[in-house]
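Each chain, written out:
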Amino acid sequence: MEKINIMINGLPGNVAKTMARSGITDNRFNVMPFSLTGQEIEDKTITIDQMRFELVKPDVRDEKIIRIKRQFNSFITIDYTHPNAVNSNALFYTQNQIPFVMGTTGGNREQLEQVVKKSSTPAVIAPNMAKQIVGFQAMMEYAANTFPGLFEGYTLQVSESHQNGKADTSGTAKAMVGYFNQLGANFDVNKIQMVRDPEVQRKEWKIPKEHIAGHGWHTYTLTAPDGSALFEFKHNINGRDIYVSGTFDAVVFLMEKLNKPDDSKKLYTMIDVLNRP
Ligand SMILES: NC(=O)C1=CN([C@@H]2O[C@H](COP(=O)(O)OP(=O)(O)OC[C@H]3O[C@@H](n4cnc5c(N)ncnc54)[C@H](OP(=O)(O)O)[C@@H]3O)[C@@H](O)[C@H]2O)C=CC1
Ligand SMILES: O=C(O)C1=N[C@H](C(=O)O)C[C@H](O)C1
């Protein structure tokens, strides 16, 4: 099978680096030596496992992409950049007809979805690419659609802990709140408790010290009005490796869509990817 060209955007960021390391050794892919980066990044290149990537800043990307497209006439991009970049990057991809996997959280999600729906460019967008978490989301979606109001009157508490540099509230937690609300919990995403203090993470959450700099821990607690029942759901992820497999499945999924285009649908989620036959 012909290798799929992938452009991993967001280097030298943490998740983009994890994707690049795995992509380089994955026989299904040809990792392209370019990565969209932030305006503030000073380095012009970065080397990962002996592969050199040219870092392309927002002010030169319009011009650069013309040359990249001449060199690689077809490719799929993976975006792990910054919440502030989500909407402008999605616009850039659709305007240049570059199919994309958007792992980056934050930004205006409604606008993000609209941009893709109105375009001719397919994309997979999901706040969490860990397949086991996506499976949990699919279970929640089933419950929400099948038993709306099941937790009517219950009080929901949501707390999440991530590395100190994380810019936004967990996109995963926000998506989960949507399901809990359908189940009747009536919770405002602004009430999600964010933990970013390494001392609290170590002492109270007992997060292993080697993962303080890279983790995503989430707890959702539902309590009955009279206190007689409590339900708790947790997903605690250490490191970032778990996101690779789902992201790469999403790339393969998009390639299949490109080979067999569906003009009626351009926007896909990771639940679509998980449901792939
Ligand atoms: N869907 C999923 O499964 C997962 C999603 N994520 C999400 O991925 C995103 C990235 O996370 P993480 O790697 O930890 O973050 P980092 O802050 O480590 O990396 C983000 C990188 O993107 C760069 N950047 C900023 N603006 C742009 C731009 N306009 N174009 C391209 N790159 C840009 C940053 O540069 P600078 O430093 O100059 O700002 C930085 O190098 C977050 O939104 C996070 O929530 C994370 C894990 C899993
Ligand atoms: O920034 C992170 O690290 C993560 N971000 C995603 C989110 O905001 O939901 C997914 C995961 O929690 C890791």
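Position labels on residues start from 1 in each chain and follow its written sequence. A letter from A marks each chain and a number from 1 marks each ligand, given out in the order of writing. Given that this is a predicted model, residues contribute local features only at a pLDDT of at least 70 and side-chain atom pairs are listed and counted only at 80 or more, while totals for whole chains, interfaces and linings are drawn from all residues.

Naming follows an unreviewed UniProt entry, where the protein appears as 4-hydroxy-tetrahydrodipicolinate reductase of Desulfobacula phenolica. Of the protein, the UniProt comment under Sequence similarities (unreviewed entry) reads exactly: "Belongs to the DapB family." UniProt positions are given in the numbering used here, feature names are shortened, and annotations may be inferred rather than shown by experiment. In its Pathway (unreviewed entry) section, UniProt records this for the protein: "Amino-acid biosynthesis; L-lysine biosynthesis via DAP pathway; (S)-tetrahydrodipicolinate from L-aspartate: step 4/4."

A. Inspection of the nonpolar core at higher detail. Ile6, Ile8, Val124, Ala250 and Val251 are the most contacted members of the largest nonpolar core, which has 52 residues in total. Here this core spans two domains, and each of domain 1 (4-125 + 241-274) and domain 2 (131-238) adds at least three residues to it. In contact with isoleucine 6, other than residues within four places in its own chain, are Gly23, Phe29, Val31, Met32, Phe75, Ile76, Ile78 and Val251. Core analysis: the next-biggest nonpolar cluster, separate from the first, contains 15 residues, Ala185, Phe187, Tyr220 and Leu222 among them. In this description, a nonpolar core means buried residues of the types Ala, Val, Leu, Ile, Met, Phe, Trp, Tyr and Cys, linked to one another by C-beta atoms lying within 7 Å. Residues with at least 20 neighbouring C-beta atoms inside 10 Å of their own are called buried, those with 12 or fewer are called exposed, and the rest are partly exposed, where every C-beta is derived from the backbone. Where each domain begins and ends follows an automated or database-derived domain assignment. This entry defines residue contacts through backbone-placed C-beta atoms, with two residues in contact when those atoms are within 7 Å.

B. Here's a closer look at helix α1 (residues 14-24). Burial in α1 covers these residues: Val15, Ala16, Lys17, Thr18, Met19, Ala20 and Gly23. Lining the buried residues of α1 we find β1 (4-9), β2 (29-31), β3 (34-36), β4 (45-48), β6 (76-79) and α8 (242-259). In this description a helix means any DSSP run of H or I spanning at least four residues, a strand means any run of E spanning at least two, and both kinds are numbered starting from the N terminus.

C. Up close: the environment of isoleucine 133. Looking at the secondary structure, you find isoleucine 133 in helix α5 (residues 131-146). Given 23 C-beta atoms within 10 Å, isoleucine 133 falls into the buried group. When sequence neighbours within four positions are dropped, the list of residues in contact with isoleucine 133 reads Asn128, Thr172 and His235.

D. View of the site of ligand 2. For each residue, a C-beta atom is positioned from the backbone; the residue is called near a molecule or strand if that atom sits within 6 Å of it. In the vicinity of ligand 2, the contacting residues are Thr105, Pro127, Asn128, His162, Lys166, Ser170, Gly171, Thr172 and Gly216. By the convention adopted, Pro, Cys, Tyr, Trp, Phe, Met, Ile, Leu, Val and Ala count as nonpolar, Lys, Arg, Asp and Glu as charged, and the other residues, Gly among them, as polar. When its residues are assigned to classes, the shell around ligand 2 shows one nonpolar, seven polar and one charged.

E. Main features of the pairing of β1. Counting buried residues along β1, five of its six residues qualify, which places the element largely inside the surrounding structure. Each pair of strands is called paired provided DSSP finds at least two bridges between the two strands. Bridge count for β1 against β2 is three bridges, and the pairing is parallel. Among the inter-strand pairings, asparagine 5 is bridged to a residue of β2, identified as asparagine 30. Here a crossover is taken to be right-handed if, once the strands point away from the viewer, the path from the first strand over the helix to the second is traced clockwise. Assessed by its sense of winding, the connection that carries the chain from β1 through α1 to β2 is right-handed.

F. Quick look at the sheet that holds strand β5 (residues 51-56). Here we have three strands laid out as an open sheet, ordered β3-β5-β4, and mixed in their pairing. The strands lining the two open edges of the sheet, one partner per strand, are β3 and β4. Pairwise comparison of adjacent strand axes, ignoring direction, gives a mean angle of 35 degrees for this sheet. Here, axes are lines fitted to C-alpha atoms. For helices the fit covers the stretch in contact, and angles between N-to-C directions go from 0 to 180 degrees.

G. Representation of the UniProt feature "domain: Dihydrodipicolinate reductase C-terminal" (unreviewed entry) in the protein in the model. Summarizing the sequence annotation, UniProt attributes the feature "domain: Dihydrodipicolinate reductase C-terminal" (unreviewed entry) to residues 136-274 in the numbering used throughout. The annotated region residues 136-274 carries 37% helix and 22% strand content, and the separation between its end C-alpha atoms amounts to 11 Å.

H. Structural detail: the sheet that holds strand β12 (residues 230-238). In spatial order, the strands read β10-β9-β11-β12; together these four strands make up an open sheet with mixed pairing. Strands with a single pairing partner mark the edges of an open sheet, and in this sheet they are β10 (193-195) and β12. Pairs of neighbouring strands in the sheet enclose a mean axial angle of 10 degrees, with direction left out of account.

I. Structural detail: the UniProt feature "domain: Dihydrodipicolinate reductase N-terminal" (unreviewed entry) in the protein. Here the UniProt feature "domain: Dihydrodipicolinate reductase N-terminal" (unreviewed entry) sits at residues 4-129. Helix makes up 33% of residues 4-129 and strand 25%, whereas the separation of the span's terminal C-alpha atoms amounts to 19 Å.

J. Inspection of the packing of α1 against α8 at higher detail. Across the interface, α1 lies against α8 with an axial gap of 10 Å and an inter-helix angle of 70 degrees. Taken together, α1 and α8 sit at an angle that is classed as roughly perpendicular. The two elements α1 and α8 meet at a crossing, and its hand is right-handed. Each of Val15, Thr18, Met19 and Ser22 in α1 lies in contact with α8, whose residues at this interface are Tyr243, Val244 and Thr247. Its residues assigned to classes, the contact of α1 with α8 comprises four nonpolar, three polar and no charged. Roughly parallel here means an angle under 35 degrees, roughly antiparallel means over 145, roughly perpendicular means 65 to 115, and every remaining angle is called oblique. We call a crossing left-handed when the near helix sits turned anticlockwise from the far one by less than a right angle, and right-handed when that turn is clockwise.

K. Summary view of the domain arrangement of the protein. Once the domains are mapped, the protein shows domain 1 (4-125 + 241-274) and domain 2 (131-238). For domain 1 and domain 2, the distance between their C-alpha centres works out to 27 Å. At the interface, 11 residues of domain 1 touch 11 residues of domain 2. Those elements giving two or more residues to the side of domain 1 that touches domain 2 turn out to be α8 and α9 (270-274). Of the residues that constitute the side of domain 1 that touches domain 2, the class distribution is five nonpolar, six polar and no charged.

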